[in-house]
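Chain and residue survey
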Amino acid sequence: MNETKTIRKAVFPVAGLGTRFLPATKAVPKEMLTVVDKPVIQYIVDEAREAGIEHFIFVTGRNKGVIEDYFDMAYELEATLKTRNKTAELEILDDQLPLAGSTTFTRQQAPLGLGHAIWCARDIIGDEPFAVLLPDMIMRSKKGCLSQMLEVFRDTGDNVVAVEECPPELAHQYGIVGVGKERGQAFEITEMVEKPPKGKAPSNFFISGRYVLQPEIFRFLSMQEKGAGGEIQLTDAMKKLMARQKFWAMKYVGETFDTGSKIGFLAANVAYGLSRPDLEAGFRAEIERLIGPK
Ligand code: UTP
């Protein structure tokens, strides 16, 4: 196994069709929908930046070009803001801009599944462990989810996935892991089951959108075997890699908003709106007015 104990690169698979957000996603990638005033993808990239990621790899598809523009400098806009002395707005843009040369965009060409999207980043990753962050899961926590995972990675040097607990009656909707011995914030994974039959899940821990993987995963992804839903699944490749390498389930401490679903997206807007000092009072009053007395 690779001995590197640093994770420098992260993959953001943004090539999905986002059908749950049609008609908006006909023209706007779901990752660019805003939670308050920032696109969802910005929250995910910020989590990666906090964890020390240096290279941001976006696996994109058709109609996703605006993501590339978003992470570029808006020269004309900045020049106009400068002439108008809009320093606060300029600072927002400056803070958001990644370092030149720290982003790479590659195309998946066809949405064949999450596993296939990750495989498309193989040459950009090369032979080092890397992170994957699903760009529709906003993880809100004091210490970022990926930072929490990197502690487990530095301790073990193995593969790490973030898990959360679900009510037992909902386990059949998720990718579930069976767990063995405990080590700090993590458990060794004994099995992975994608959407187990009702009542047959080995635990209530579901995989929640963050992965630290060894480069050997590409060997299994390159087999391009189709799994659930006729898609090339990341979970299937991880199951194969589990026969050779250890996987740890890190119990994520924090909140999660699945912005790929309408309820999760709306909840994220409410939660982040209420936590903004400049918006909180007015927003709370509006919500109370809308909800009204019972
Ligand atoms: P989802 O299935 O949640 O996203 O995939 P989706 O397909 O875009 O959304 P719906 O279900 O049609 O509304 C999880 C993540 O994997 C990416 C998606 O962009 C999303 O971030 N993905 C999925 C790819 O990049 N390529 C794929 O072929 C499939």
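Summary of the structure given here. Keep in mind it's a predicted model, so treat the numbers as computed, not measured.

1. A look at helix α1 (residues 40-50)
Residues that lie three or four places apart on an α-helix share one face, since the helix turns once every 3.6 residues. Among the eleven residues of α1, eight are classified as buried, and the element is accordingly described as predominantly covered. Three or more residues of α1 are buried, namely V40, I41, Q42, Y43, I44, V45, E47 and A48. Following α1 by one or two positions, G52 adopts a phi angle in the positive range, close to 95 degrees.

2. Considering empty space enclosed by the protein
For the structure shown, the criterion picks out one cavity of 30 Å³ or more. Roughly 40 Å³ of internal volume is contained in the largest cavity. Lining the largest cavity, in full, are V45, R49, F56, F58, F71, Q96, L97, P98 and T103. Residues belonging to the lining of the largest cavity are distributed by class as follows: six nonpolar, two polar and one charged.

3. A word on the packing of helix α10 (residues 262-274) against helix α11 (residues 280-291)
In the contact formed by α10 and α11, the axes pass within 8 Å of each other and the chain directions differ by 135 degrees. The angle between α10 and α11 places the two elements in the oblique class. Contacts between α10 and α11 pair N269, V270, G273 and L274 from the former with E280, F283, R284 and I287 from the latter. Of the residues assigned to the contact of α10 with α11, the class counts are four nonpolar, two polar and two charged.

4. Focus on the packing of helix α3 (residues 75-83) against helix α4 (residues 87-96)
Orientation of α3 relative to α4, taken along the N-to-C sense of each, is 150 degrees, at an axis distance of 9 Å. Considering their axes alone, α3 and α4 lie roughly antiparallel with respect to each other. Two packed elements cross with a definite hand, and for α3 against α4 that hand is left-handed. Here α3 contributes L77, E78, L81 and K82 to the contact with α4, which in turn contributes E89, L90 and L93. The residue makeup of the contact of α3 with α4, split by class, is four nonpolar, no polar and three charged.

5. Quick word on helix α7 (residues 145-156)
In this model, α7 (twelve residues) spans 17 Å end to end at C-alpha, consistent with the 16 Å of a helix rising 1.5 Å per residue. Counting buried residues along α7, nine of its twelve residues qualify, which places the element largely inside the surrounding structure. Phi turns positive, to about 75 degrees, at G157, one or two residues after α7.

6. Here we look at the layout of surface pockets
The computed volume of the largest pocket comes to approximately 1300 Å³. Surrounding the largest pocket, 39 residues form its lining, R20, L114, L134, D136 and E231 being those nearest its centre. Elements represented by at least two residues in the lining of the largest pocket include exactly α5 (114-119), β11 (205-213), α9 (234-242) and β13 (255-258). Sort the elements by how many residues they give to the lining of the largest pocket and β11 lands first, with five residues. In the lining of the largest pocket, the residues fall into 17 nonpolar, 13 polar and nine charged. In this structure, the second largest pocket spans a volume of roughly 380 Å³. What lines the second largest pocket is a set of 16 residues, and nearest its centre among them are D37, K38, Q42, I92 and R276. Elements represented by at least two residues in the lining of the second largest pocket include exactly β3 (38-39), α1 and α4. Taken together, the residues of the lining of the second largest pocket break down into seven nonpolar, three polar and six charged.

7. Considerations on the pattern of salt bridges
Two side chains with opposite charge may pair up if their charged atoms get near one another. Under the criterion given, the structure shown has 18 salt bridges. The partner of D37 in a salt bridge is R276, with the nearest N and O atoms 3.0 Å apart. Taken as a pair, D37 in the loop between β2 (34-35) and β3 and R276 in the loop between α10 and α11 lie far apart in primary sequence, 239 residues in all. Of the residues examined, R276 reaches a relative accessible area of 25% and is grouped as partly exposed. In this structure, the salt-bridge partner of D155 is R183, at a minimum N-O distance of 3.0 Å.

Rules of the game
Residues numbered from 1 in each chain as written. Predicted model: local features only at pLDDT ≥ 70, side-chain atom pairs only at ≥ 80, totals over all residues. Heavy atoms only, no water. Buried < 20%, exposed > 50% of the residue type's maximum accessible area, 1.4 Å probe, protein only. Helix = DSSP H or I, 4+ residues; strand = E, 2+ residues; numbered from the N terminus. 1 Å grid on protein atoms, 1.4 Å probe; cavity = no way out; pocket = protein on both sides within 12 Å on 5 of 7 lines; lining within 4 Å. Points joined across faces, edges and corners; volume = space filled by probe spheres on them. Nonpolar A, V, L, I, M, F, W, Y, C, P; charged D, E, K, R; others polar. Axes fitted to C-alpha atoms, helices over the stretch in contact; angles between N-to-C directions. Parallel < 35°, antiparallel > 145°, perpendicular 65-115°, else oblique. Contact = heavy atoms within 4.5 Å. Left-handed = near helix turned anticlockwise from the far one by under 90°. Expected span 1.5 Å × (residues − 1). Salt bridge = Lys/Arg side-chain N within 4 Å of Asp/Glu carboxyl O.

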